[in-house]
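Examining the three-dimensional arrangement
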Amino acid sequence: MTTEYRKSLPDPQNSDASEILGANVPIMQVGMSNFRIPLRFMTAKGEPLHLEASVTGTVSLSADKKGINMSRIMRVFYEFKDRVFTPELLEEILLLYKERIGSSRARIKLGFSYPIIKTSLRSGMEGYQYYDCAYEGIVDDLGHFRKIIHFDFVYSSACPCASDLSEHARETRGQYAIAHSQRSKARVSVEVKKGKTLTIEDLQRMSDRALLTETQVMVRREDEQAFAELNGDQTKFVEDAARLMYEALDSDPRITDFQVACAHLESLHSHDAVAVVNKGVDRGFSGHIDDFKSLIC
């Protein structure tokens, strides 16, 4: 197809302001959501990983423009498809978004499932634990770049109240009882300081040390017994989980700001127990963190 023919094709997105339908107002974010692509990642040990990623890319649109050429977002992203993806690389992509599309602000989020080998508690067997993660980058009107990592950590939460009530039943009435516990999730969003590096492995270790009861991959009877003992020793309400994660993240100097959302998917109640804690007041973390329906494991 010739360049002349391509130029002759109608382009209603680039029509003048008189063609705008509805209110002539700026749009904060417009773009493409959930286009999928295989990308290259690198583990903390420097080992290559090839993972499928889900990409959402948006830019701002001024009031005098009817629309953007959305295919440019995808085309720009594809120019980086052979690079190793890190939160830092998103800055290059976003600046090119702004240049190619002529916007003042740009945002991109890259979602993927990240594998880490985990060893069982007593038998020594190994298996892959997969963590739902996302890299997010934001560039504002002045070209300032923010990098955010989202990380989901799934753990078991045994109820402290049910634990004490079970012991009370055994001691006072000789009644055997078991404290209820449930699969739970902490969704962590951290903003990384400029010039600093934080890995998915770092966030996994921080979460594991804070909550201590991560769900297991490979399990034999001795591992199941160890997990039962661990849950008995580390009972926690959802408030406890949120505060434990806050303490762990707040102590890391690489983290500028963060938000933690925890959900305990109750086995006693028909509803869930939820908690959210922020370090800052409002740093513009993605809205999905407040959607507790998406925290269902």
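Residues numbered from 1 in each chain as written. Predicted model: local features only at pLDDT ≥ 70, side-chain atom pairs only at ≥ 80, totals over all residues. Heavy atoms only, no water.

1. Examining the overall build of the protein chain
So the rule is basically this: A run of H or I in DSSP counts as a helix once it spans at least four residues, and a run of E counts as a strand once it spans at least two, with each numbered from the N terminus. Per-residue accessibility, obtained with a 1.4 Å probe over protein chains only, is compared with the maximum for each type, and a residue is labelled buried under 20%, exposed over 50%, and partly exposed between these values. Whether two residues touch is decided by their heavy atoms; if any such pair falls within 4.5 Å, the residues are in contact. Note on areas: Shrake-Rupley, 1.4 Å probe, and residue coverage restricted to the protein chains presented here.
Counting secondary structure elements, the protein chain contains 7 helices and 8 strands. In the protein chain, which comprises 297 residues, the share counted as buried stands at 41%. Long-range contacts, defined here as pairs at least 24 residues apart, represent 68% of the contacts in the protein chain between residues at least 6 apart. Here the protein chain displays about 16300 Å² of accessible surface, and carbon together with sulfur accounts for 51% of that area.

2. Concerning the side chain of S207
One can find S207 in helix α5 (residues 200-211). Judged by its relative accessible area of 1%, S207 is buried. The residues touching S207, leaving out its near neighbours within four places in the chain, are F151, F153, L212 and M245.

3. A few points about the packing of aromatic side chains
Rules: Only the six-membered ring of Trp is used, alongside the rings of Phe and Tyr, when aromatic pairs are assigned; centres must lie within 6.5 Å, and planes under 30 degrees apart are stacked while those over 60 apart are edge-to-face, with the rest tilted.
The full count for this structure, using the stated rule, is 12 aromatic pairs. With 4.5 Å between their ring centres and 40 degrees between their planes, F41 and F112 make a pair best called tilted. Separated by 71 residues along the polypeptide, F41 in strand β1 (residues 27-42) and F112 in strand β3 (residues 106-119) bring together distant segments of the chain. Residue classification places F41 among the buried residues on the basis of a relative accessible area of 1%. Pairwise contacts between aromatic rings join F35, F41, F77, F85, F112, Y114 and Y135 into one cluster.

4. Remarks on the pattern of salt bridges
To keep things clear, this is the line we draw: Whenever Lys or Arg places a side-chain nitrogen within 4 Å of a carboxyl oxygen from Asp or Glu, that contact is recorded as a salt bridge.
What the rule picks out here adds up to 18 salt bridges. A salt bridge links E229 to R122; the nearest nitrogen and oxygen atoms lie 2.6 Å apart. Pair noted here: E229 is in helix α6 (residues 221-233) and R122 is in the loop between β3 and β4 (126-139), with a separation of 107 residues, a long-range link. We classify E229 as partly exposed; its relative accessible area is 42%.

5. Looking at the sheet that holds strand β8 (residues 273-278)
Applicable threshold: We treat two strands as partners when DSSP finds at least two bridges between them. Every axis in this analysis is a line fitted to C-alpha atoms, fitted for helices over the stretch in contact. Angles between the N-to-C directions lie between 0 and 180 degrees.
Across the sheet, which stays open at both edges, the 8 strands sit in the order β1-β2-β3-β4-β5-β6-β7-β8 with antiparallel pairing between neighbours. What marks the edges here is a single partner per strand, and that holds for β1 and β8. Averaged over all adjacent pairs, the angle separating strand axes in this sheet is 20 degrees, with direction ignored. Summarising the sheet, strand β7 (residues 255-264) and β8 pair through 6 bridges and their orientation is antiparallel. Of the residues in β8, the one forming a bridge with Q259 is N278. Sheet strands in contact with helix α7 (residues 238-250) are β5 (145-158), β6 (181-192), β7 and β8, and its direction is about 160 degrees off that of β7.

6. Brief notes about α7
Along an α-helix, residues three or four positions apart point the same way, because every turn accommodates 3.6 residues. As a reminder of what qualifies: Expected helix span is computed as 1.5 Å times (number of residues minus one). For this quantity, the arc is that covered by the directions from the helix axis to the C-beta atoms.
Taking 1.5 Å per residue as the helical rise, α7 with its 13 residues ought to reach 18 Å, and the 18 Å between its terminal C-alpha atoms agrees with that figure. Burial in α7 covers these residues: V238, A241, A242, M245, A248 and L249. The buried residues of α7 occupy one face: seen down the axis, they fall within an arc of 130 degrees. Among the exposed residues of α7, those oriented more than 90 degrees off its buried face are R243 and E247. Residues of α7 that are buried make contact with β5, β6, α5, β7 and β8.

7. Considerations on the environment of R209
Structurally, the position occupied by R209 is in helix α5. A C-alpha to C-alpha distance of 8.2 Å links R209 and A248, two positions 39 residues apart in sequence.

8. Observations regarding the confidence of the model for the protein chain
Note the threshold: The predictor reports its confidence for every residue as pLDDT, a score running from 0 up to 100.
Mean pLDDT for the protein chain: 89, with 90% of residues reaching 70 or above. Per-residue pLDDT stays below 50 along residues 286-290; that stretch engages in 14 contacts with residues further than four places along the chain or on separate chains.

9. Describing the pairing of β3
Two faces, one strand: in a regular strand the side chains alternate between the faces of the sheet. Strand direction decides the pairing type here: strand β2 (residues 48-61) and β3, joined by 6 bridges, are antiparallel. Looking at the pairing, V59 lines up with A106 of β3. Two elements, β3 and β4, share 14 bridges in a ladder whose sense is antiparallel. Bridge pairing in β4 links F112 to C133.

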